[in-house]
Amino acid sequence: MKYVVINWKAKKNFAEVKNWLQAFFENKPKLDNVQIILAPSTPFLAWVKQYIEDKNIDDIKIASQDVSKFDKGSYTGEATAYSLQNIVEYAIIGHSERRKYLNEDISTLTQKVSLSLKYNIQPIFCTSKIEEEIPNGVRMIAYEPLDSIGTGNNLAVEKVIEFKNRKLKNNSRIIFLYGGSVNHNNIYEYLMQSDIDGVLIGTASLEVDNFLKILKKLKKRI
Ligand code: PGA
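What counts as what
- Residues numbered from 1 in each chain as written.
- Predicted model: local features only at pLDDT ≥ 70, side-chain atom pairs only at ≥ 80, totals over all residues.
- Heavy atoms only, no water.
- Helix = DSSP H or I, 4+ residues; strand = E, 2+ residues; numbered from the N terminus.
- Rg over C-alpha atoms; globule rule 2.2 N^0.38 Å.
- Buried < 20%, exposed > 50% of the residue type's maximum accessible area, 1.4 Å probe, protein only.
- Salt bridge = Lys/Arg side-chain N within 4 Å of Asp/Glu carboxyl O.
- Core = buried A, V, L, I, M, F, W, Y, C linked by side-chain atoms within 4.5 Å.
- Contact = heavy atoms within 4.5 Å.

Draft legend 1. How the structure looks around the overall build of the protein chain. A tally of helices and strands in the protein chain yields eight helices and eight strands. Its C-alpha atoms give the protein chain a radius of gyration of 17 Å, near enough to 17 Å, the size a compact globule of 222 residues would have. Projected onto the principal axes, the alpha-carbon positions of the protein chain cover approximately 50 × 45 × 30 Å. Looking at the protein chain residue by residue over its 222 residues, the buried ones come to 52%.

Draft legend 2. Fine view of the pattern of salt bridges. Summed over the entire model, instances satisfying the criterion amount to 12 salt bridges. For the salt bridge of Lys30 with Asp59, the shortest nitrogen-to-oxygen distance reads 3.6 Å. One end of the pair, Lys30, is in the loop between α1 (14–27) and β2 (34–39); the other, Asp59, is in the loop between α2 (45–54) and β3 (60–64), and 29 residues separate them in sequence. The partly exposed category is assigned to Lys30, whose relative accessible area is 49%. Linked through salt bridges whose partners overlap, the residues forming this network are Asp66, Arg98, Glu104 and Lys112.

Draft legend 3. Highlighting the nonpolar core. Phe24, Ile201 and Phe211 are the most contacted members of the largest nonpolar core, which has 59 residues in total. Excluding its chain neighbours within four sequence positions, the residues that come into contact with Ile201 are Val4, Val5, Ile6, Asn7, Val182, Ile187, Phe211 and Ile214. Counting residues in hydrophobic clusters, the runner-up holds 14 residues, among them Tyr3, Tyr90, Ile124 and Met140.

Without other data, these values stay purely geometric and don't point to any function.
See the structure below:
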């Protein structure tokens, strides 16, 4: 099984989310060996979940792009794991944009991971550097080198695998993803590797036609 995680970041409004989903489900190819995990921004999660359920779509999972460091309680404005349980199956945690703009450090990220696990949400833990700590309980890692995010400079496959080997030291229980300027031209280079379990896609997932192009390409090969 290969994973394709779609991260829309904060780049879509409600009308755009609806249009994307409609076009997507009308045109998407069936891929038996690919698990798509869609991460819309928080305001749309429950709506997307309902949309998918109403249409009996069972081959897409939903992720949040973050989860609160707080448990259920008096934390106005927070999207807690408690509130997200049963809406999402996954949560992206530790994306470099949150580390940078929200100053999220390892103690915050560790709290987020443990609350996610408490409420049965699988963390997709992002890391950009070899020295960054991975909290206990994480089973899915996305390696996202900073120079490759949103730049068009995807990292060479060999370098991605080298990072994996240094970081995970043959820990085969971890699901290992790569993210950073993945698009329809390069996705297969990553997914054809037995060492790489999937990819995380930002920019190339925004336009639905572009993303469908990626899936159609995969369909021919996977
Ligand atoms: P990108 O973003 O595909 O636009 O490089 C990836 C990410 O930040 O997750």
